Amino acid sequence: MIVTVEPDGVSAAGVLAVARGTAQVVVSPAAVEAMAASRSIVDDIERDGRPVYGVSTGFGALANTFIAPERRAELQHALIRSHAAGIGAPMPREVVRAMMLLRVRSLALGRSGVRPLVADALVNLLNHDITPWVPEHGSLGASGDLAPLAHCALVLLGEGWVLGKDGTRITGADALHAAGLAPIELSSKEGLALINGTDGMLGMLLMACDDLGHLLTMADVTAALSIEAMLGTDRPFHPSIHEIRPHPGQGISAANIHRLLQGSEIMDSHRDDLVHAVQDAYSMRCAPQVAGAARDTLEFARTVAARELISVADNPVVLPDGRVESTGNFHGAPLGFAADFLAIAAAEVGSISERRVDRLLDVTRSRELPAFLTPDPGVNSGLMIAQYTAAGIVADNRRLAAPASVDSIPTSGMQEDHVSMGWAAAKKLRTVLDNLTSLLAVELLAACRGLQLRTPLTPSPAGRAALAAVTAFAGTPGPDVFLAPVLDAARATISGRVLLETIEADLGPLA
């Protein structure tokens, strides 16, 4: 696959293809032309000797310090070295690749005043699968993701570190040499253009939106399986109930759950039983209200990310009329808010999932299922400790759901006196989503154990598909087994697409 960077940017799908796959990157001729036109304006400023921020001055609190023409290239190199000041473990390959592609996108918009060769140098890193070593700590989300982007830019100079295929750290010089690439020399404005922007947090937000979209569908699946296993009713999910409260996400989740519960002998066995069919607990009955609200939050975040994909977030920007203006477009507040909102929503989807697991395991509330879903409770503990694990993860997600975006801290001699913390918000969102995957995995396992224990009644088609997938790695109810590998396999089932595709092959696409 080839992803072409145009003067109007790239698509979200293109970012995912490069970040998580092996797609090659090409800069279009129109984008090259836009960058060349922008660069000519910077060259004119250089010839005229006008004082312009980032071209002929220092940065941040040093914005009023004039830089002599013969030292301006040195200024750009010094900027990259000094700003590559991150600390900590390296960010994952997919985050760094997304960040680099989005920086190419930013330059290709023709508002940064760089030569096309600068964008080409980043493209070469992507196409040769060279991933700069970007430490996890360093960005405040304004002026954008300075430190992470500086660690990427440093490799272009033949310096810094690269993440080896085996996870080790190698020098940028060695990585370029092995790929047959040469370092570049920066000119005026180019160092600043390489590091000023929201590319890291935007890349993480785009990937999080993709991940959460899948997880919310899987949350509807696991909720339906749990409701079926606990002899719940499908009446609260009928479309007529949700037409009278028309939140879009709620209607989608309810429709999914209702469809997933049809064709079930288990559901039919108690449809007219007043004990089982009058009213279920909130964790069952309100599943669409919680997951649906998360869906609506996700749509907001997708809108924010889509806007940012076509935005110029550099500073200063080079305008077509020849002006070079200092802006605040690098400030990551829109992305930080979106990431924080998603973390809150995802944490709640995980929380209600764990409550259903607890009901499935509790003999006083599980409607005649054996304690902890083991046929021989006492000698065997069943899924008791799996629920402990889920409870601990829920507590972790509650801490992570505290918003990073309200935690501004001033920097740069009070020049940058309000920052977005968008990088931190997006980074912790990734952890919340990983935790949500684990919580849904525990529910998948528990719900399937419950369905197995309802034999000889046959579950819904979705239940049968889930049972086939889970039985393959978890077996059938019996003596206790080493549970960690089973949970790992359940996680892979949740994060993968095979089970969902199998269910959709029978029911049609779920939203």
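Preceding block: the structure.
It should be emphasised that the depicted structure is a prediction, and the values quoted were computed from it without experimental measurement.

Caption draft 1: Highlighting the overall build of the chain. Per the secondary structure count, the chain includes 21 helices and 8 strands. Once the C-alpha set of the chain is aligned to its principal axes, its extents read approximately 85 × 50 × 40 Å. A buried classification covers 55% of the 511 residues belonging to the chain. Summarising the internal contacts of the chain: among those between residues at least 6 apart in sequence, 79% fall at separations of at least 24.

Caption draft 2: Seen up close, a nonpolar patch on the surface. Residues Phe 300, Phe 337, Phe 341 and Ile 344 make up a contiguous nonpolar surface patch of about 360 Å² in total accessible area. For the nonpolar patch, the leading source of residues is helix 16 (residues 333-361), giving 3 residues. In this structure, Phe 300 sits in helix 15 (residues 287-309).

Caption draft 3: Focus on unusual backbone geometry. In this structure, Ser 143 follows Ala 142 across a cis peptide bond, with omega equal to 5°. Residue placement: Ser 143 occurs in the loop between strand 4 (135-137) and helix 6 (146-156). Of note, the amide linkage connecting Asn 315 to Pro 316 takes the cis form, showing an omega dihedral of -5°. Within the secondary structure, Pro 316 is located in the loop between helix 15 and strand 7 (317-318). Its identity is not glycine, yet Lys 189 carries a phi of approximately 75°, on the positive side. Mapped onto the secondary structure, Lys 189 falls in the loop between helix 7 (172-179) and helix 8 (190-195).

Caption draft 4: The packing of aromatic side chains, seen in detail. Scanning all chains against the criterion turns up 3 aromatic pairs. Ring centres 6.5 Å apart and planes at 85° place the aromatic pair Trp 133 and Trp 161 in the edge-to-face group. Linking Trp 133 in the loop between helix 5 (116-127) and strand 4 with Trp 161 in strand 5 (residues 161-163), this pair joins segments that are 28 residues apart in sequence. With 5.8 Å between their ring centres and 40° between their planes, Phe 300 and Phe 341 make a pair best called tilted. With Phe 300 in helix 15 and Phe 341 in helix 16, this residue pair connects regions lying 41 residues apart in the sequence.

Caption draft 5: Representation of helix 3 (residues 72-83) within the structure. Between its first and last C-alpha, helix 3 extends 16 Å over 12 residues, near the 16 Å set by a 1.5 Å rise per residue. The complete set of buried residues in helix 3 reads Arg 72, Leu 75, Gln 76, His 77, Leu 79 and Ile 80.

Caption draft 6: Quick peek at the pattern of salt bridges. Scanning all chains against the criterion turns up 32 salt bridges. Salt-bridge contacts for Asp 43 lead to Arg 39; the nearest nitrogen and oxygen are separated by 3.2 Å. Placement of both Asp 43 and Arg 39 in helix 2 (residues 29-48) is noted, with a separation of 4 residues, approximately one turn of the helix. Owing to a relative accessible area of 29%, Asp 43 belongs among the partly exposed residues under this scheme. What makes Arg 39 buried here is its relative accessible area of 5%. Linking Asp 358 and Arg 365 is a salt bridge whose minimum nitrogen-to-oxygen distance equals 2.5 Å. Overlapping salt bridges bring together Arg 20, Glu 94, Asp 210, Asp 211 and Arg 430 as one network.

Caption draft 7: Focus on the pairing of strand 1 (residues 2-5). Only one face of strand 1 is covered, namely the face carrying Val 3 and Val 5; the face carrying Ile 2 and Thr 4 is uncovered. With 4 bridges joining them, strand 1 and strand 2 (residues 24-27) adopt parallel strand pairing. Across the sheet, the residue bridging to Thr 4 is Val 26, located in strand 2. Of the crossover connections in this fold, the one passing from strand 1 over helix 1 (residues 12-20) to the parallel strand 2 is right-handed.

Caption draft 8: The arrangement of the side chain of Ser 460 in detail. Along the polypeptide, Ser 460 turns up in the loop between helix 18 (422-452) and helix 19 (461-474). Assessed through its relative accessible area of 0%, Ser 460 is described here as buried. Sequence-distant contacts of Ser 460, defined by excluding residues within four places in its chain, comprise Glu 228, Leu 260, Leu 261, Gln 262, Gly 263 and Ser 264.

Caption draft 9: Region of interest: the nonpolar core. Grouped together as the largest cluster of nonpolar side chains are 147 residues, with contacts concentrated most on Leu 107, Leu 194, Ile 195, Leu 205, Leu 212 and Leu 360. With 19 residues, helix 9 (residues 199-229) is the single largest residue contributor to this core. By size, the runner-up hydrophobic cluster in this structure holds 7 residues, among which are Ile 41, Val 42, Val 52 and Val 324.

Caption draft 10: Representation of the environment of Met 91 in the model. Counting through the fold element by element, Met 91 comes out in the loop between strand 3 (87-90) and helix 4 (93-108). The exposure class of Met 91 is buried, given its relative accessible area of 5%. As for Met 91 and Pro 135, which are separated by 44 residues in sequence, their C-alpha atoms are 5.9 Å apart. Leaving out residues up to four positions away in the same chain, Met 91 has contacts with Val 96, Val 134, Pro 135, Glu 136, Leu 163, Met 204, Trp 423 and Lys 427.

Caption draft 11: A look at the packing of helix 3 against helix 6. At a closest axis distance of 8 Å, the pairing of helix 3 and helix 6 adopts a crossing angle of 120°. With respect to helix 6, the element helix 3 is oriented oblique. The way helix 3 lies across helix 6 gives a crossing that is left-handed. In contact with Ile 80, Arg 81 and His 83 of helix 3, helix 6 contributes Leu 146, Ala 147, Ala 150, Ala 153 and Leu 154. Considering only residue class, the contact of helix 3 with helix 6 consists of 6 nonpolar, 1 polar and 1 charged.

Thresholds, definitions, all that
- Residues numbered from 1 in each chain as written.
- Predicted model: local features only at pLDDT ≥ 70, side-chain atom pairs only at ≥ 80, totals over all residues.
- Heavy atoms only, no water.
- Helix = DSSP H or I, 4+ residues; strand = E, 2+ residues; numbered from the N terminus.
- Buried < 20%, exposed > 50% of the residue type's maximum accessible area, 1.4 Å probe, protein only.
- Contact = heavy atoms within 4.5 Å.
- Patch = residues over 30% accessible without salt bridge, like charges linked within 9 Å, V, L, I, M, F, W, Y side chains within 5 Å.
- Areas by Shrake-Rupley, 256 points an atom, 1.4 Å probe, with all protein chains shown as cover.
- Salt bridge = Lys/Arg side-chain N within 4 Å of Asp/Glu carboxyl O.
- Phe/Tyr/Trp six-rings, centres within 6.5 Å; stacked < 30°, edge-to-face > 60°.
- Expected span 1.5 Å × (residues − 1).
- Pairing = 2+ DSSP bridges.
- Right-handed = clockwise from strand over helix to strand, strands pointing away.
- Core = buried A, V, L, I, M, F, W, Y, C linked by side-chain atoms within 4.5 Å.
- Axes fitted to C-alpha atoms, helices over the stretch in contact; angles between N-to-C directions.
- Parallel < 35°, antiparallel > 145°, perpendicular 65-115°, else oblique.
- Left-handed = near helix turned anticlockwise from the far one by under 90°.
- Nonpolar A, V, L, I, M, F, W, Y, C, P; charged D, E, K, R; others polar.

Purely geometric numbers; function is a separate question.
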